[in-house]
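Coordinate inspection notes
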Amino acid sequence: MMAGIRLIEVKEEILSDNTKTAGQIRERLRAANTLLLNLMSSPGSGKTSLLLRTIEGLKGSLRLGVIEADIDSVVDAEKVAARGIPAVQLRTGGFCHLDAAMVTRGIDALDIDKLDLVVIENVGNLVCPAEFDTGAHRNVMILSVPEGDDKPLKYPLMFSVCDLLLVNKIDFLSLSDFNMALLRERVLALNPRIKILEISCKTGAGIEDWIAWLKGEAAGFNV
Amino acid sequence: MHELPITESILKIVLKHAEANGVRKVKTVHLKIGRLSDLEDEWIQRYFNYLSKGTLAEGAKIGIERTPIVMRCNGCSGSYEWELAKMDDVICPACGGKGGTLLSGREYTIKEMEVE
Ligand SMILES: Nc1nc2c(ncn2[C@@H]2O[C@H](COP(=O)(O)OP(=O)(O)OP(=O)(O)O)[C@@H](O)[C@H]2O)c(=O)[nH]1
Ligand SMILES: [Mg+2]
Ligand SMILES: [Zn+2]
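Residues numbered from 1 in each chain as written. Chains lettered and ligands numbered in written order. Predicted model: local features only at pLDDT ≥ 70, side-chain atom pairs only at ≥ 80, totals over all residues. Heavy atoms only, no water.

With respect to the coordination of the zinc ion (ligand 3)
Looking at the metal site, the zinc ion (ligand 3) is ligated by Cys 73 of chain B (SG), Cys 76 of chain B (SG), Cys 92 of chain B (SG) and Cys 95 of chain B (SG), spaced 2.3 to 2.4 Å from it. Considering all 4 donor atoms around the zinc ion (ligand 3), the spread of angles at the metal, 102 to 116 degrees, places the coordination shape in the tetrahedral class. (Donors = N, O, S within 2.8 Å, 3.2 Å for Na, K, Ca; no water. Tetrahedral: all angles 85-135°; square planar, octahedral: opposite > 155°, others 65-115°.)

Some words on the site of ligand 1
Residues and elements named next belong to chain A. The immediate surroundings of ligand 1 are formed by 17 residues, with Lys 47, Thr 48, Ser 49, Asp 171 and Cys 201 found nearest. Within the backbone of Ser 45, an N or O atom sits 3.3 Å from an oxygen atom of ligand 1. Sorting elements by how many residues they give to the shell around ligand 1 places helix α2 (residues 47–58) first, with 3 residues. (Near = heavy atom within 4 Å. Polar contact = N/O pair within 3.5 Å; in protein donor to acceptor, adjacent residues only side chain to side chain. Helix = DSSP H or I, 4+ residues; strand = E, 2+ residues; numbered from the N terminus.)

Quick notes on the environment of Trp 210 of chain A
Residues and elements named next belong to chain A. Looking at the element boundaries, Trp 210 is found in helix α8 (residues 207–222). Relative accessible area serves as the criterion here: at 2%, Trp 210 is assigned to the buried category. Here the alpha-carbon distance between Trp 210 and Val 75, two residues 135 residues apart in the chain, equals 24 Å. Ignoring anything within four residues of it in the chain, the contact list for Trp 210 reads Leu 37, Leu 50, Thr 54, Val 140, Leu 164, Leu 166 and Leu 197. There is a polar contact of 2.9 Å between the side chain of Trp 210 and the side chain of Thr 54. (Buried < 20%, exposed > 50% of the residue type's maximum accessible area, 1.4 Å probe, protein only. Contact = heavy atoms within 4.5 Å.)

Points about helix α2 (residues 41–51) of chain B
Residues and elements named next belong to chain B. Every buried residue belonging to α2 is among Ile 44, Gln 45 and Phe 48, and all of these are buried. The buried residues of α2 occupy an angular sector of 95 degrees when the element is viewed end-on, so they sit on one face. Tucked inside the fold, the buried residues of α2 contact α1 (3–20), β1 (26–34) and β2 (61–67). (Arc of directions from axis to C-beta.)

Notes on the interface of chain B and chain A
You'll often see interface size given as the accessible area lost when the parts meet. Contacts between the two partners involve 40 residues from chain B and, on the opposite side, 34 residues from chain A. Broken down residue by residue, the surface that chain B buries against chain A is led by His 2, Asp 88 and Tyr 108 of chain B, which jointly contribute 18%. Applying the counting rule to chain B against chain A returns 3 salt bridges. Remark: the boundary between chain B and chain A carries 14 residue pairs in polar contact (both at pLDDT 80 or more). Residue assignment for the side of chain B that touches chain A shows that the elements contributing at least two residues are α1, β1, β5 (100–104) and β6 (108–115) of chain B. Considering only residue class, the side of chain B that touches chain A consists of 17 nonpolar, 11 polar and 12 charged. The pairing of strand β1 (residues 6–13) of chain A with β6 of chain B spans 6 bridges and is classified as antiparallel. Of the residues in β6 of chain B, the one forming a bridge with Glu 9 of chain A is Glu 112 of chain B. (Buried area = accessible area lost by both parts, 1.4 Å probe. Salt bridge = Lys/Arg side-chain N within 4 Å of Asp/Glu carboxyl O. Nonpolar A, V, L, I, M, F, W, Y, C, P; charged D, E, K, R; others polar. Pairing = 2+ DSSP bridges.)

Here we look at the sheet that holds β6 of chain B
Read across the open sheet, the 4 strands follow the order β1(A)-β6(B)-β1(B)-β2(B); overall the sheet is mixed. The sheet is open, and its two borders are formed by β1 of chain A together with β2 of chain B, each paired with just one other strand. Averaged over all pairs of adjacent strands, the angle between strand axes in this sheet comes to 20 degrees, irrespective of strand direction. In this structure, β1 of chain B lies alongside β6 of chain B, joined through 7 bridges in antiparallel fashion. Looking across to β6 of chain B, one finds that Ile 33 of chain B is bridged to Tyr 108 of chain B. Contacts from α1 of chain B reach β1 of chain A together with β1 and β6 of chain B, with the element oriented near 130 degrees to β1 of chain A. In the packing of α2 of chain B onto the sheet, contacts are made with β1 and β2 of chain B, and the angle to β2 of chain B comes to roughly 150 degrees. (Axes fitted to C-alpha atoms, helices over the stretch in contact; angles between N-to-C directions.)

Describing the pattern of salt bridges
By the definition in use, this model includes 19 salt bridges over all chains. Between Glu 12 of chain A and Lys 16 of chain B there is a salt bridge, with its nearest N and O atoms 2.9 Å apart. With Glu 12 of chain A in strand β1 and Lys 16 of chain B in helix α1, the pair connects residues from two separate chains. A salt bridge links Lys 154 of chain A to Asp 150 of chain A; the shortest N-O distance between them is 3.5 Å. By relative accessible area, which is 25% here, Asp 150 of chain A ends up partly exposed.

Following this line, the structure appears as structure tokens:
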């Protein structure tokens, strides 16, 4: 006898568990007045260098904590911790991104009541981290000049989920054919509300604009 | 690149609905995935075959419907479909305005499933 085939309507978001956990993180940190920021980029664009600049720039103002994701090392977390900043290393076990459950473990390990700002250094990758809500209140990406001005075309989702784009390594501009005006146009076409800042973690150019942006976001968050 | 965690979530949801509905066997699972996602259909099926061994969903086929990228014009507020390959140069076909706000194209949904 042929068994009857039925149709079941599911209509469920595949990532609904992650979205729910991410929402819980946002509420929990909001209640603690702690701004959570998710920092994303390709490998080597300057995430850790930016964190080190940020530690310096925020001295005596915002209390910073860091969650480091790394496929299989603790190098970045050690650099941050060496400067006296609370840092948690998450081992992603080969995963290409952080999800909200992993971020929850990172937050559990920090004393968030004593922090104004927590920055997540996500896994170096422009594809996967864009798809998974980490529970952050703000998404920030770094694009470095040597990567080229055509990246919005190749990774449109990443550019469309971010609140701020930091164009790093501008000390390389004179050596390359990177077209900043064209990049801005491409990025703004994908995401008209994104803010773009040009920086160099090497020379320190533009770092004060980044620190001002951070302080502004944190201040707006605390009211 | 992240087909494995996505497929784990799919299987979890599928089994939840299968159990709630007293299903004997899941035959097909229909997904709706936005064109902005780079998921590879083939890898989802392979991971599903692997993860579903010994469950009600073993041997089920995964069908994927790709939903279009839809933009809303910042100029005239009209909405229009756009291709992934041209995302660096988004132009409203109605008014010629540059750029827009993404309305859809990021879906990750399980629509329905055929079961016995
Ligand atoms: N010239 C120049 N080099 C930079 C700049 N910012 C970072 N670098 C260098 O780029 C390299 C990578 O920087 P990191 O800060 O480790 O990059 P990352 O994004 O943390 O890298 P992963 O964690 O491995 O993904 C290092 O050698 C830095 O010194 C910059 O503005 N200009
Ligand atoms: Mg790093
Ligand atoms: Zn228009």
